[in-house]
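Listed below, chain by chain, are the residues.
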Amino acid sequence: MSALSTNSPAACPGCLAGPPEPVAAPLGDARLMLSLPTIHCQACIARVEAALDAHPGIKSARVNLTLKRALIDAEPKVKAAELVTVLEKEGFEAHELDPGALNDTATRNASKDLLMRLAVAGFASMNVMLLSVAVWSGAADATRDLFHWISAAIALPAISFSAQPFFRNAWSALRAGRLSMDVPISLAIVLALVTSLWETWLSGHHAYFDAALTLTFFLLAGRWLDARARSAARSAAEELTALEVPRALRMAADGPVEVPVADLRIDDHVLIRPGARAPVDGLIIDGQSEIDRAMLTGETLPEVRGVGDPISAGEVNLTGPLTLQATAVGQETSLHRMAALVAVAESGRSRYTSLADRAAKLYAPGVHILSALAFLGWLIWSGDMRVSLNIAAAVLIITCPCALGLAVPAVTTAASGRLFGKGLLIKNATALERLAEADTVVFDKTGTLTTGKPKIINWGQLTNAQKSVAFALAEGSAHPLSRAIAGMARTENQAPADVTEIVEKPGFGTQALLDNQAVRLGRPDWIGVTPPDDSICAALDMGDGTPVLLTFTDAPRQGAAEAIAGLRAQGVDVILLSGDRAPAVASFAAGLEIEDWHAAMLPDAKARFVGKLRDEGRYVLMVGDGLNDTAALATAHVSISPAQALDAARAASDMVLLGQDLEPIADALAVARQATRRIRENFQIATLYNIVAVPLAVAGLATPLIAALAMSTSSITVSLNALRVRGRG
């Protein structure tokens, strides 16, 4: 089966049993998605989420600023139309979004619209600047007035078109009885235009049409750069949904027939030609080929797959034709489920973002008060209405909190994109912040530090009867040792024994009845066998008093040694936990140079161990994959699970390792620490900018034009600083 398809749950590494029922997938059916094309800042997020959370029947609402959409968990009675009405009353445009149309995102459309308005503002600004040069060069009287009126004729329609995003958002906010940062921005533009028209009408020496246009241009440039910063670190959900294919070749009696992917059903036979992507999850029933999994897992080398091997939707068939038997289609494919999981995760917000939210909420009333005080103060001191209006406009412009709004999302989006490219998928936005604080890493052994695909060594020494019983008992479990037994039996076309009343004993093994006699497969100490000290073993009890020991080998996972070395190099303590016996764990730990290890750890013991570290003040990163790791994953400060892990483990973790290589874990810690540094730097940049710029504006040392340049420079600086996360520094 594929990495994220629903498998039978695995048991703990020390046993062969799991719970009798499958664990539910983390995503439910009661989910609504709304497109929010007019949101653009953290204050918008807070307002939308508050309005949705207050609506009856809403369990949770998360807004994704990158994709401009809201993901809502609600009771079945809640309809999208009523939520659209709720948001329209709050001043936001909202539309129900079809999850199948994720590729046509509002982000791309908004970016194109902003670019068009930016071009108009830039062209108009250049022309007005040329006219202004003539005025600055000494044009006077009628010539100066003519140039001012021509500037007005250019500026008024250009601003009416280019500044529409600010005007629309400001009007929507005011109509809903609230203040957003677009209100003072719009007021600043209008003030600059009104002052300029007044000067022109009175044949004054100064007009600020160039400042109004330049302000609009730089505001649009900052907002467009924000969109570019987000698209440069493309959403992992979009990366995944981009791998979906719209049509497939379904095998019929007279050959392959092209059909929409939506028409495929489980057990359909699907032909994948060389160079094509798999449209469904399935098992190969005919053919052999090399499969490129790089886009899905980050692995660069293709894998050879043949009959009986699984293929996941989105993987590329490189060499020969393959025929699949579909095991998951549509929204049940591993690719679609992973994309949905990421879309939910990307809607999370860290405490740094919450700080930006609070600052944005305080911004609008604060800046209006400051601007009004500056206007009144200068009017009382100078008695000049025009000077007072210019200073008030400069204060409104220069205090725009664009840099503050960009400080967090630009960094987290860039970091998420970089880690996704390395094969690590972030499920929770706060995970980056928490990962940066990690000082201790706790690894599970089987299936995490090892491949989780052990091979049985002494299968050939078993009798046919023993093989048949072992096969029958192993088929009831998804534990790695159980899968190894079942896989070996299938290669020999071994028939399973006719057992009945199979019962799984979590933490111990599986038992059943064969001809009214109990047979068991599980932990050696449960069966009553003493295994060799340094081997991976299970035991088979045939019920005749002569248990059989089954021995296995399980190699370290690729990149395990490099990951551990990389973590140590960053000053992190590494601990190994395992449900296996002490000698086997000691031997494995020595091979990876792990000094701190603990054996025979049952699920509750692992959770208690991680909880104890937490109580000691340590920030624990837990890496595990099994049912017995779920409690520990949830207890840890931050957690990672391989994509092959049990659904419950992935649901409890904050990140998912898509490939087989563990080395990205060390990279993730480095990127998380770098991202945290960038966020702090961005807040420092925004704070320093306001400390310097606001007094200058209030003192009358910054014209509206200079204010526009200063504000946009701070936004651009923050965006560029965020993109440094995508580099290697």
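Heads up: the structure comes first, above all this text.
Criteria and cut-off values
- Residues numbered from 1 in each chain as written.
- Predicted model: local features only at pLDDT ≥ 70, side-chain atom pairs only at ≥ 80, totals over all residues.
- Heavy atoms only, no water.
- Helix = DSSP H or I, 4+ residues; strand = E, 2+ residues; numbered from the N terminus.
- Buried < 20%, exposed > 50% of the residue type's maximum accessible area, 1.4 Å probe, protein only.
- Contact = heavy atoms within 4.5 Å.
- Areas by Shrake-Rupley, 256 points an atom, 1.4 Å probe, with all protein chains shown as cover.
- Pairing = 2+ DSSP bridges.
- Axes fitted to C-alpha atoms, helices over the stretch in contact; angles between N-to-C directions.
- Phe/Tyr/Trp six-rings, centres within 6.5 Å; stacked < 30°, edge-to-face > 60°.
- Lys NZ or Arg CZ within 6 Å of the ring centre and 35° of its normal.
- Core = buried A, V, L, I, M, F, W, Y, C linked by side-chain atoms within 4.5 Å.
- Salt bridge = Lys/Arg side-chain N within 4 Å of Asp/Glu carboxyl O.

**Student:** Explain the overall build of the chain to me, and be specific about the residues and the numbers.
**Tutor:** When helices and strands are tallied, the chain shows 26 helices and 26 strands. Residues classed as buried in the chain amount to 57% of the 729 residues present. Residue pairs in contact within the chain that sit at least 24 positions apart in sequence constitute 70% of those at least 6 positions apart. Approximately 29900 Å² of the chain is accessible, and the part contributed by carbon and sulfur atoms is 58%.

**Student:** Can you explain unusual backbone geometry? Please cite residues and give values.
**Tutor:** The bulk of non-glycine residues show a negative phi, and the bulk of peptide bonds are trans. A positive phi angle, near 80°, is found at Asp 267, a position not held by glycine. Summarising the element assignment, Asp 267 is placed in the loop between strand S6 (255–260) and strand S7 (269–272). The backbone of Glu 593 shows a phi angle near 60°, a positive value even though the residue is not glycine. If you trace the backbone, Glu 593 turns up in the loop between helix H21 (582–591) and strand S23 (596–598).

**Student:** Describe the pairing of strand S24 (residues 620–623), with residues and values.
**Tutor:** Residue alternation in S24 divides its side chains into two sets, Val 620 and Met 622 and Leu 621 and Val 623, and both sets are buried. Here strand S15 (residues 440–444) runs beside S24; their pairing, made up of 4 bridges, is parallel. Across the sheet, Phe 443 pairs through a bridge with Val 623, a residue of S24. In this structure, S24 lies alongside strand S25 (residues 638–642), joined through 3 bridges in parallel fashion. Residue pairing for S25: Leu 621 is matched across the bridge by Val 638.

**Student:** Lay out the sheet that holds S15 in plain terms, naming residues and giving numbers.
**Tutor:** Backbone hydrogen bonds hold the strands of a sheet together, and the pairing may be parallel or antiparallel. In spatial order, the strands read S14-S26-S25-S24-S15-S22-S23; together these 7 strands make up an open sheet with mixed pairing. At either margin of the open sheet sits one strand with a lone partner, and together these are strand S14 (424–426) and S23. Neighbour to neighbour, the strand axes of the sheet diverge by 20° on average, direction disregarded.

**Student:** Go over the packing of aromatic side chains with me, naming the residues and quoting the values.
**Tutor:** If you walk through the whole model with that rule in mind, you get 2 aromatic pairs. One cation-aromatic arrangement involves Arg 117 over Phe 161; the distance from NZ or CZ to the ring centre is 4.6 Å. Here the basic side chain of Arg 520 rests over the ring of Trp 526, its NZ or CZ set 5.0 Å away from the ring centre.

**Student:** For the pairing of strand S3 (residues 69–74), give the residues involved together with the corresponding values.
**Tutor:** Along a regular strand, successive side chains alternate from one face of the sheet to the other. Among the 6 residues that make up S3, 6 are buried, leaving the element largely enclosed by the rest of the structure. Side-chain alternation along S3 places Arg 69, Leu 71 and Asp 73 on one buried face and Ala 70, Ile 72 and Ala 74 on a second face that is also buried.

**Student:** So, the nonpolar core: which residues are in play, and what are the values?
**Tutor:** Counting 45 residues, the largest nonpolar core has Phe 443, Leu 449, Leu 567, Leu 621 and Ile 665 as its most contacted members. Element by element, the count of residues in this core is highest for helix H25 (residues 664–698), at 9 residues. In this structure, Leu 449 is in contact with Phe 443, Asp 444, Pro 556, Arg 557, Ala 560, Ile 564, Leu 576, Phe 588, Leu 592, Ile 594 and Leu 662, ignoring residues within four places of it in sequence. Counting 43 residues, the second-largest nonpolar core is a separate cluster that includes Leu 114, Ile 189, Ala 374 and Ala 393.

**Student:** Kindly report on the environment of Val 304, identifying the contributing residues and their values.
**Tutor:** Mapped onto the secondary structure, Val 304 falls in strand S10 (residues 303–305). Val 304 sits 13 residues away from Ile 291 along the chain, and the two C-alpha atoms are 6.2 Å apart. Beyond its immediate chain neighbours, meaning those up to four positions away, Val 304 contacts Gln 288, Ser 289, Glu 290 and Asp 309.

**Student:** Explain the pattern of salt bridges to me, and be specific about the residues and the numbers.
**Tutor:** Applying the stated criterion to the full structure yields 13 salt bridges. Among the ionic pairs, Arg 117 bridges to Asp 113, the shortest N-O distance being 2.9 Å. Taken together, the positions of Arg 117 and Asp 113, both in helix H3 (residues 106–136) and 4 residues apart, correspond to about one turn of that helix. Taking the relative accessible area as the measure of exposure, Arg 117 reaches 7% and is therefore buried. Residue Arg 490 is joined to Glu 475 by a salt bridge in which the shortest nitrogen-to-oxygen separation is 3.4 Å. With Arg 490 in helix H18 (residues 480–491) and Glu 475 in the loop between helix H17 (464–474) and H18, this residue pair connects regions lying 15 residues apart in the sequence.

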